[in-house]
Structures are given as structure tokens and as C-alpha cells.
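Examination of the molecular architecture
Here is what each chain is made of, one letter per residue.
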Amino acid sequence: MAKAPVLTPQADDFPRWYQDLINKAELADNGPVRGTMVIRPYGYGLWERMQQEMDARIKRAGASNAYFPLFIPQSYLTKEAEHVEGFAPELAVVTHGGGKELEEPVVVRPTSETIINDYFSKWVQSYRDLPLLINQWANVVRWEMRPRVFLRTTEFLWQEGHTAHATYEDARDYAAYIHQEVYADFMVNVLGIDVVLGRKTASERFAGALNTLTLEGMMGDGKALQMGTSHELGQNFAKAFNTQYLSKEGHQEHVWQTSWGTSTRMVGGLIMAHGDDHGLRVPPRLAPIQAVVLAIKGDEPVLAKVRELGDRLSAAGVRVHVDDRTDTPFGRRAVDWELKGVPVRIEVGPRDLENGTAMLARRIPGGKEPVALDALVAQLPAILEEDQALLLRQSRERRESRTSDVSTIEEAAEAATAGGWARIPWATLGEEGEARLAEQAVTVRCLVAADGSVPDADDAPGNVAVVARAY
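Predicted model, so just to flag it, every value in this text is computed and none were measured.

Once that is clear, we can look at the domain arrangement of the protein. Annotation of the protein at the domain level lists domain 1 (14-274), domain 2 (291-385) and domain 3 (403-469). With centres defined by C-alpha atoms, the gap from domain 2 to domain 3 works out at 47 Å.

Put into C-alpha cells, the structure is as follows:
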């Protein structure tokens, strides 16, 4: 009888494969309240690495971290009509506290534009206070009707940036800088996902924004995942909260604003973009553990060697873990590390010591080969970079091979339904065609210019709509 696979094969049932992998790789569990999740240590380690890489880029962009309250007076959300209308179905509202009914209900933070603007209006007095660039790492709550771990949960973790500027141009350029130099740089060069950068259509943009810039990644099943967004808010919130500054010319002016965010949804994107039937494949630049050194048996010389290798790799800057749990069968440990997607396994047993080698197993391209113990530490950084580049190349090749250029709405729907993306001229599709596609659960993920760049306006000549089914 054939041995049952550890995971449901992707080709048989991609959603089941995804859930199997989250469970077997010990990434997360469902929380006790519907739609919530418990992020387990290895899953949280992935998020921590994302935080570290993103936080460094955000700070290079000039933003500083701050923290604002979880509870927001309900009246704040009503000040910007489009904003509250967009979020109303997702709000969690607290009406009682301390055993009493509250004088004013409070909303559990769905996003922080309103409360942050209340404080921006106090902190900004003069043009000298601008630009004001703030980022927050926090949790938010949006009451999710169809929850899915990491992808759509009632509570999730994220960063949200909020900025105030003296001019429209400055705000527009900063939103674009975050979009390209913070988000795209991280997603392409660290996550190894070849995202498409574009502009959301009017029906898809953030509630209360003038423009939303998005990054869309193709997952292993051909669906799209919105990986992050950067919004030009214009002066809508500034006028609602009276956030003004005294200009150099001595006039009171409303500020121009941006907001931007990424979340633990990126963990789901990582799984679905790079995972295979054997488990996760974690990009080396992101991986909390880049190499695991496994003792095959509990012989003292073997244990001494794996610990020595661990120390040498750590000293060389490799994030390494030594697995010397020889009371657990080697095969089980190897499968566990494969499920977790650690880029490199270095396996050492008595015979390897005799030969002066270790068995090097590479998770991303697959395969094993013996490597001289003396050469291992020097060779590993280049191997990790090769595997990082391979993931990005595979991501790009998948997207390009599964994206069709079409000329009709029917062809666009057919391509998306078949598990791919379609590119169709926006002049051909338009808002009416967008609505027709939505009836078939197909959405316009973004608009791109004819040359693949981000267009300046929704109706810019030559705009192309990228169409797909999405998570």
C-alpha cells in the first residue's frame, strides 16, 4: 500500500493543501472566537523577520514609529462619510465597559486614519512641522464573514503609515515612494515574489482616498493576492478633522495626506507563492532559520561536530539552528524541517565524519549532495543567494506564463476562471465591464500603463487592466 502524503497535493485541492501546511508546519491555529488566529512561534518568527525588514525600510523613508489607542470613539468615524460607509459592515463596536453602558460606543480599531488625524490636528501648527511621517505596528479588527488563516481574519497584525504634507505633490510622491522603494523592494528582493505594481480602479480604491496604489502577487493556483497598498488621501481627512498649518506666506492651509499598510496577509502570500507538495519554501533572505544542522545519531563526535558547525555558521552571519534531538528519529526531524521550508539542511552522521563531509539538502531547488566540511561555511552564503534568486525567477516565470493578453470581456473572464490572469485595455473594459466581471467573481486587480509602469490617472491613455480571481 502506498504511503499517504503528508500534505494534500496542491493539484488535488489547493485550499486543503494550504490548511494542511499551516497545521503541519506549525504556523498557526484557529482562535477561540470565529475568524481569529493564534500565530505559533515558527509562524510568528516569519512575521518578525518581515517586520524587521519592513521596519528598516520604513525608517529609511523618514517615518518614525508611534502607537495609538485600540479603541476609537464612534463619532470619529462618522466625520469622513465615505470612510465610515466603507468600513461599517466590518466594525466591532463596544457598547459596555466596567459593567455599565458607555455614553458613547467605541469602535475596535479597523484602521487608524481617524484617531491619528485627531492628533495630527493638534501636532501640526506650521509648515515647519511638515512633513509629519508616522508608522504604527499594531493589531486591527475587521469582522470577517469568510475567514481564512493569515489571508482574512477578524483580527490581524499589520503596520499602518500615516503622513501629512504641505502640498499635493509631496504627498503623491511619498505615497509612490512607499509603494516602490519600501513595499516593492521588500516583496521582490526579500519575499522573492514578483509583484505587479499598479493603480486601483475607482470602485476598488480605499474608502476616502483619491488614489490607491497596490502590489498584486500571483499565487501557486493562479489567483491574485493584494500584498499591500499605499493611498493618496488628498485633503478629505484633513478637512474632516481640521488639520491645518500656517504656510510660509502666512495662510492657513489644510495638509495633504497619505496612508499605507501591509499585514500578516503576507505570511499567507509567502505560503501560497512558494510552497509545494512537501511544505514551505522560505526565501533565504527572509528565513528566521537559514540553515539547520542535524545530528543523524547521538554519537559524541557527531554531536560535537554539529555544534561546532553551528557556531562557525553563526559567526559567519548565517541564521542557524542546531538540531541534536537524537531521541527523535532522524527521518521525522528531516520531514519537519522540510515542511517548515528551512532553505538548507546540513546532515551529519558517523560515516560523514569519516569522509570529512556533510550531506547538504537544499529545500528550494531540491536535491542532496555531499560537501566537504572544511568548505561548507565558505560556500553556504553563495548557495543561499542562488536559491533566493531561483524563487524570484520561478515567481516571475509563473506569472508571465499564466497571464494572457485579451481583447474582450469574455476572454478576460475565461482566462481568470481557468486559473490565470488577463490583461485587457481599460478603454475596452471600462467600469461597465468591470461590473460584469465582478458578477463572475473576477476583479480588476489594478491598472498599469502600457509599458508596465504605474499610470498617473485611471483614464490615462493606454491603461491596461490586470484581471484575476483573488483571495
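What follows covers the nonpolar core. Of all hydrophobic cores here, the largest spans 60 residues; its most connected members are Leu27, Met50, Phe150, Met187, Leu191 and Ile271. The greatest single-element share of this core, amounting to 8 residues, is contributed by helix α6 (residues 168-189). Summarising the domain contributions, this core has at least three residues from each of domain 1 (14-274) and domain 2 (291-385). Residues contacting Met187, with those up to four places away along its chain left out, are Gly192, Ile193, Val195, Leu215, Met227, Gly228, Thr262 and Met266. Ranked by size, the runner-up nonpolar core spans 23 residues in total, among them Ile72, Phe87, Val107 and Phe120.

Turning our attention to unusual backbone geometry. Geometrically, the link from Leu130 to Pro131 is a cis peptide bond, its omega value of -5 degrees lying close to zero. Mapped onto the secondary structure, Pro131 falls in the loop between α5 (113-123) and β7 (132-141). Look at Phe150: it is not a glycine, yet its phi comes out positive at around 75 degrees. Mapped onto the secondary structure, Phe150 falls in the loop between β7 and β8 (155-165).

Take the sheet that holds strand β18 (residues 357-362) next. Taken in spatial order, the 5 strands line up as β16-β15-β17-β18-β19 in an open sheet, and their pairing is mixed. Unpaired on one side and paired on the other, β16 (320-323) and β19 (368-372) mark the two borders of the sheet. In this sheet, adjacent strand axes meet at a mean angle of 25 degrees when their direction is disregarded. The sheet contact formed by strand β17 (residues 344-348) and β18 spans 4 bridges and is antiparallel. Bridge pairing links Glu347 to Met359 in β18. Contacts between helix α10 (residues 330-340) and the sheet are confined to β15 (291-295), β16 and β17, with β15 contributing the most and set at about 175 degrees to the helix.

Now for the environment of Ala63. In this structure, Ala63 sits in the loop between α2 (41-60) and β3 (64-65). What makes Ala63 buried here is its relative accessible area of 4%. Linking Ala63 and Pro5, residues 58 residues apart in sequence, is a C-alpha distance of 47 Å.

Reading guide: rules and limits
- Residues numbered from 1 in each chain as written.
- Predicted model: local features only at pLDDT ≥ 70, side-chain atom pairs only at ≥ 80, totals over all residues.
- Heavy atoms only, no water.
- Domains from an automatic or database assignment.
- Core = buried A, V, L, I, M, F, W, Y, C linked by side-chain atoms within 4.5 Å.
- Buried < 20%, exposed > 50% of the residue type's maximum accessible area, 1.4 Å probe, protein only.
- Helix = DSSP H or I, 4+ residues; strand = E, 2+ residues; numbered from the N terminus.
- Contact = heavy atoms within 4.5 Å.
- Pairing = 2+ DSSP bridges.
- Axes fitted to C-alpha atoms, helices over the stretch in contact; angles between N-to-C directions.

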